[in-house]
Amino acid sequence: MSVALVVALTAGTSAAVSWARTRGPFRGSFARGALLTALLAAAALGAAWLTAAATGALPGGSRLDAFADVVASPYFLFPLAGEMAVLSLLSFRSLASEWRTLLLLPPGIVVLSAVAVGWPAETTVATLAASLLIVVQFTYLMLFMYRNKQLYVPVATYMVRLAGAGTVVGLGLLVWVVWHSPVVVGVAAVAEMLVFLSVAVAPPALVDEERFSWLMRPFWAFQMLCAIFLAELFLGAALDISIYGPVYMAQFPWTIVVGVPLTTAVGNAVWDGLWFVAGTAVSAWFLILMGLEMAALVVLKIRETHEKEQKWRLGLMVAVYAVAVVYIPSFWTKTPLVSNSVVASLPVIGWGMGIRTGGPFAPTVLGAIILMYASVGVLTVLFGRRALCSVMCGAALMYQSATISEMRTFNRTSRIGRLFLGSNFSTAYAVASGVALVSLFGTSFLPYLHLLPGVQLSASSYMAATLPFELYFGALWFVMFVSIPYVGNYNCVTTGFCHWGSFAQLFSKATFFKLRVKDKTICQSCTTVECAKACPIGLIDMPMHFRTKGEFRSAKCCGVGDCVPACPYGNMYLSDVRHWLRGKFSDPLHPPASARLPMVAPRRAATATSPASASGAGSSAGPSLSH
Ligand code: SF4
Ligand code: SF4
Ligand code: SF4
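Being a predicted model, the structure only gives us computed values, none of them experimental. By convention here, each chain's residues receive numbers from 1 onward along its written sequence. To label them, take the chains in the order written and letter them from A, then take the ligands in the order written and number them from 1. With the structure being a predicted model, the display of local features is reserved for residues of pLDDT at least 70 and the display and counting of side-chain atom pairs for 80 or more, all residues being used for whole-chain, interface and lining totals.

Comments concerning the site of ligand 2
(1) Moving on: Here, nearness is defined through the C-beta atom: a residue counts as near a molecule or strand if that backbone-placed atom lies within 6 Å of it. In the vicinity of ligand 2 there are 14 residues, among which C523, C526, C531, P543 and C567 approach most closely.
(2) Moving on: Numbering of helices and strands runs from the N terminus, with a helix taken as a DSSP run of H or I at least four residues long and a strand as a DSSP run of E at least two residues long. Elements supplying a minimum of two residues to the shell around ligand 2: helix 26 (520–524), helix 27 (530–534) and helix 28 (542–549).
(3) Moving on: When residues are grouped by polarity, Ala, Val, Leu, Ile, Met, Phe, Trp, Tyr, Cys and Pro land in nonpolar, Asp, Glu, Lys and Arg in charged, and all others, Gly among them, in polar. Along the lines of polarity and charge, the residues of the shell around ligand 2 split into 11 nonpolar, 2 polar and 1 charged.

So, in structure tokens, the structure goes:
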């Protein structure tokens, strides 16, 4: 009886609001939106109160406590989700197609939050489903950014709020999993509802709205990256704790924050928080969630790329991420057969982010570590940094996803990004890479000493020794990632704070890898320099080298290859050991393919539209929300 009443109440209110939103006075006004929102909230609250009272589940205590408990309970969350679903279905046809996708997902997220807090036995499944739905939403937002460099102000505002609501949902589920408090989930559901209703109840009329290029608004892009990253961090932690429980939590060196002097408590809380963020940022489920989103955006790039080799490289990069960054360290090494063997402690295997050496050196694996460094050296000589920084490293997947690639603009527009432009090594670069190299190799050596006979480090020195790895690649890497709008894209390469990248650079003078042009006279008359504009590292001096030497080799170039299709004359190609071998052994009468590619006349420059310029700031290639 009460279920039928609740369904009738929520469906009836939503239908009435849906009808009223396009009729009557104050259409589109803030007051009208607020009134209809309040009506929906009151109906959901009434339905919750009714159900709780009918089932005898109305909490005791003061009215205020009871109110808080009801808001954070499934009794409220389900009717709320029901209202949102009915409203989005009724509004469906009258909204632009992009709004539709964004309106269909929030009700599902609220339903799953309700399941997570309502049925503890289903928490893991509901959290996983909610996480996947949020990732779908984020992927769509990123895709939208990629396709629409110009955004209407209300749309941009809605996107930030939606991403922010996803962050609060993530935090709510984490708090629920750790402390079994549903309060933040309740707050998150209300936040989702308010953001959702801001469009569903009063769809902004976009025709006369101002538009802006988000690539020229670093703060807007920063907010999006922060919200997305934090949401995935919270959701990843909630899933890891939910699935692995005490084992996951036991890896962190928890310190006491209750019953100690305030200064100690604050210090301990910061210390605990740092470890938790650093550990979670390389944990299984965070990497899976982040990887799914970024891989979808890389697949889009694969579809848009015409070059076969580039397609293969991007595909290989996704596969390496799935196997070396996620599957092997997080799942394969946990199998009983592997976890007890020396294989589990081999570098690459068992340490997050695949290739990075996030862990102490140990005598048992020293040979393997040397072999790994040697392999990276050999691969760099043969194929340049492309092997490491564009295929083997998990970071490559994130930087080369369609939307993040577009953020190369920030290398030129941000104050810090400009410090690292070009192939020369600035003082800032020398300082950053020097600090990283010394601290990481130095601290790697300490745990190695610890394992030698007769040398015993204390537990805290041992932890302090591994801390820089955790901080650099578990925390700092992601801080740098969300700071792209202020530091520039691919900033692990441009600033040199990654020791692996710096190690690979040592071989840059000996590598076969270089960028070549077929005819340097074309570069001499080229005014577009699209190759340099497309480079995510900001190697702006590339055209100068083409004009004088017909080739370019830089220790910073990581072989992404975006510059090649950007050249409007098809004048560029990447060259590595394969080209060298072909040149060495080919018949002079039948030169290698790269030398036989058809040349395009320079006058194409005036009309040519390269991928870079087509997708640059100010363009609006994708669907618009204006209809
Ligand atoms: S510099 Fe380091 S983190 Fe960045 S792509 Fe290269 S190996 Fe990965
Ligand atoms: S865009 Fe093409 S022609 Fe122009 S400088 Fe670059 S490689 Fe040369
Ligand atoms: S110069 Fe070309 S290949 Fe090198 S990093 Fe820049 S876009 Fe990639």
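The discussion continues.
Topic: the packing of helix 9 (residues 218–244) against helix 12 (residues 284–304)
(1) Moving on: Contact geometry for helix 9 and helix 12: axes closest at 7 Å, N-to-C directions at 135 degrees. Classed by the angle they form, the pair helix 9 and helix 12 counts as oblique. In this structure, helix 9 meets helix 12 at a crossing whose hand is right-handed. Side by side, helix 9 and helix 12 meet where E232, L233, L235, G236, L239 and D240 of the first sit next to A284, W285, F286, L289 and M290 of the second. A fitted line through C-alpha atoms serves as each axis, taken over the contacting stretch for helices, and the angle formed by two N-to-C directions is quoted from 0 to 180°. Roughly parallel covers angles under 35 degrees, roughly antiparallel covers those over 145, roughly perpendicular covers 65 to 115, and oblique covers all other angles. Rotating anticlockwise by less than a right angle from the far helix to the near helix defines a left-handed crossing, while the corresponding clockwise rotation defines a right-handed one. Two residues form a contact once the distance between their C-beta atoms, set from the backbone, is within 7 Å.

Notes on the site of ligand 3
(1) Moving on: In the region of ligand 3, 13 residues are neighbours, and C535, C557, V560, D562 and C563 sit closest.
(2) Moving on: Classifying every residue of the shell around ligand 3 by side-chain character gives 10 nonpolar, 2 polar and 1 charged.

Details of the sheet that holds strand 5 (residues 572–575)
(1) Moving on: Any two strands with at least two DSSP-identified bridges between them are counted as paired. Reading across from one edge, 4-3-5 is the order of the 3 strands in this open sheet, with antiparallel pairing throughout. Looking along the sheet, the strands with just one partner apiece sit at the ends: strand 4 (551–552) and strand 5.

Examining helix 4 (residues 74–91)
(1) Moving on: Helix span, as expected, comes to 1.5 Å for every residue beyond the first. If you check helix 4, its first and last C-alpha atoms are 25 Å apart, about what 18 residues at 1.5 Å a residue would give, namely 26 Å.
(2) Moving on: In terms of residue burial, helix 4 counts as a mostly covered element, since 16 of its 18 residues are buried. Counting other C-beta atoms within 10 Å of each residue's C-beta, where C-beta atoms are placed from the backbone, gives the exposure class: buried for 20 or more, exposed for 12 or fewer, partly exposed between.

Some words on the pairing of strand 3 (residues 514–517)
(1) Moving on: Sheet analysis places strand 3 next to strand 5, joined by 4 bridges and oriented antiparallel. Looking across to strand 5, one finds that L515 is bridged to L574.
(2) Moving on: Direction of pairing for strand 3 relative to strand 4: antiparallel, over a ladder of 2 bridges. Opposite L515, over in strand 4, you have F552 as the bridge partner.

Re the environment of V155
(1) Moving on: Residue position: V155 is located in helix 7 (residues 153–179).
(2) Moving on: Looking at V155, the number of C-beta atoms within 10 Å reads 23, which means it is buried.
(3) Moving on: When the C-alpha positions of V155 and R211 are compared, they lie 9.4 Å apart, and in sequence the two are 56 residues distant.

A few points about the confidence of the model for the protein chain
(1) Moving on: Per-residue confidence from the prediction method is given by pLDDT, with values spanning 0 to 100. With 78% of its residues at a pLDDT of 70 or more, the protein chain shows a mean pLDDT of 79.
(2) Moving on: Across the protein chain, the element-wise mean pLDDT spans from 38 in helix 32 (residues 611–614) up to 95 in helix 23 (residues 484–487).
(3) Moving on: For residues 349–358, every residue scores under 50 in pLDDT, and the model assigns this stretch 39 contacts once sequence neighbours within four places are set aside.
(4) Moving on: In this model, residues 595–627 is a region of pLDDT below 50 whose contacts with residues beyond four sequence positions or in other chains number 60 contacts.

Digging into unusual backbone geometry
(1) Moving on: The backbone of H180 shows a phi angle near 55 degrees, a positive value even though the residue is not glycine.
(2) Moving on: By secondary structure assignment, the location of H180 is in the loop between helix 7 and helix 8 (183–200).
(3) Moving on: Even without a glycine there, the phi angle at Y490 is positive, about 50 degrees.
(4) Moving on: Within the element layout of this structure, Y490 appears in the loop between helix 23 and helix 24 (491–494).

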